[in-house]
Amino acid sequence: YSTTLFSDSISIGLALMALTLVSPIVGLSGLLALLIAMLATRSLGFEAWDSSSGVLSFNSLLIGLAVGYYYPYSGVATLNVHFFGLLIVASLSTMFIYIGLNYLTQSLLKMPSMSLAFSIAAVFFWYYLVRGGYFSGFGFQKPLLFQHQLQLSWFWQDYFLSLGSIMFVPDVIVGIMLAIVLF
């Protein structure tokens, strides 16, 4: 989690994980995708079992959060085999895209590919959701663990909503907490 903000801090990673779990479906989707990718990178020998970086998996975390956010959700009963299969495929394919892209950009351009793999995978999976009829354009607001009535001026409201959207939880309180983590 902390790698998404270019950090190695465990406390930042735990804080980001907690912020994504404010929306349980989004947070658990990201966590599951991350665990799948970490297990795959270690099983295939791309990363050592005792590695704490998880750098090969952070794009899978982001795609897992995106799938959790964009997949239509009207209750736990709607999370079927298709959802979990999509999450597994998205996580693994994003991981392999990152490994390939990072090899190319490191060897040709002498720079890391960072979240380019997530961007590429997100376009394909969003397209799949649209073409498969799973994307209606409505219902992106996932249930949160808490509700609040915090009212800010339009600027701060939009700013903190945008900041929370970085972790696919567009909520003012999450945005405020993310600003504190960034600070």
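To keep things clear, this report deals only with the structure shown in the data block. (Residues numbered from 1 in each chain as written. Predicted model: local features only at pLDDT ≥ 70, side-chain atom pairs only at ≥ 80, totals over all residues. Heavy atoms only, no water.)

Quick look at unusual backbone geometry
Glycine aside, a negative phi is what most residues show, and trans is what most peptide bonds show.
Piece 1. Its identity is not glycine, yet Met114 carries a phi of approximately 50°, on the positive side.
Piece 2. Among the structural elements, Met114 can be located in the loop between α4 (81–109) and α5 (116–131).
Piece 3. Classification of Met114 by relative accessible area gives partly exposed; the value is 31%. (Helix = DSSP H or I, 4+ residues; strand = E, 2+ residues; numbered from the N terminus. Buried < 20%, exposed > 50% of the residue type's maximum accessible area, 1.4 Å probe, protein only.)

Remarks on the layout of surface pockets
Piece 1. Roughly 370 Å³ of internal volume is contained in the largest pocket.
Piece 2. Along its surface, the largest pocket is lined by 18 residues, and Tyr1, Ser2, Thr3, Ser52 and Ser53 are the ones closest to its centre.
Piece 3. Those elements that provide at least two residues to the lining of the largest pocket are α1 (10–20), α2 (24–43) and α3 (58–70).
Piece 4. The element best represented in the lining of the largest pocket is α1, accounting for four residues.
Piece 5. Residue composition of the lining of the largest pocket, grouped by class: nine nonpolar, eight polar and one charged. (1 Å grid on protein atoms, 1.4 Å probe; cavity = no way out; pocket = protein on both sides within 12 Å on 5 of 7 lines; lining within 4 Å. Points joined across faces, edges and corners; volume = space filled by probe spheres on them. Nonpolar A, V, L, I, M, F, W, Y, C, P; charged D, E, K, R; others polar.)

Looking at the packing of helix α6 (residues 154–165) against helix α7 (residues 172–182)
Piece 1. Where α6 contacts α7, the two axes come as close as 7 Å, and the packing angle between them is 75°. Compared by their axis directions, α6 and α7 come out roughly perpendicular. Residue-level inspection shows Gln157, Phe160, Leu161, Leu163 and Gly164 of α6 in contact with α7, the latter providing Val172, Val174, Gly175, Ile176, Leu178, Ala179 and Leu182.
Piece 2. In terms of residue class, the contact of α6 with α7 is built from nine nonpolar, three polar and no charged. (Axes fitted to C-alpha atoms, helices over the stretch in contact; angles between N-to-C directions. Parallel < 35°, antiparallel > 145°, perpendicular 65-115°, else oblique. Contact = heavy atoms within 4.5 Å.)

Things to note about the packing of aromatic side chains
Given two aromatic rings, one states the distance between the centres and the angle between the planes to describe the pair.
Piece 1. Evaluation of the coordinates by the stated rule reveals 13 aromatic pairs.
Piece 2. For the ring pair Phe155 and Trp156, a centre distance of 5.0 Å and an interplane angle of 85° mean the geometry is edge-to-face.
Piece 3. Classification of Phe155 by relative accessible area gives partly exposed; the value is 43%.
Piece 4. On the accessibility criterion, Trp156 (42% relative accessible area) is partly exposed.
Piece 5. Aromatic side chains Tyr159 and Phe160 sit 5.2 Å apart centroid to centroid with 65° between the ring planes, which places their arrangement in the edge-to-face category.
Piece 6. Judged by relative accessible area, Tyr159 falls into the partly exposed class, the value being 37%.
Piece 7. Among the aromatic side chains, those forming a connected cluster through ring pairs are Trp154, Phe155, Trp156, Tyr159 and Phe160. (Phe/Tyr/Trp six-rings, centres within 6.5 Å; stacked < 30°, edge-to-face > 60°.)

Here's the deal with the nonpolar core
Piece 1. Grouped together as the largest cluster of nonpolar side chains are 38 residues, with contacts concentrated most on Val26, Ile63, Val67, Phe83 and Phe168.
Piece 2. Elements with a minimum of two residues in this core: α1, α2, α3, α4, α5, α6 and α7.
Piece 3. If one sorts the elements of this core by residue count, α3 sits on top with eight residues.
Piece 4. Not counting chain neighbours up to four residues away, the residues in contact with Val67 comprise Phe83, Leu86, Leu87 and Ala90. (Core = buried A, V, L, I, M, F, W, Y, C linked by side-chain atoms within 4.5 Å.)

So yeah, pure geometry; function would need other evidence.
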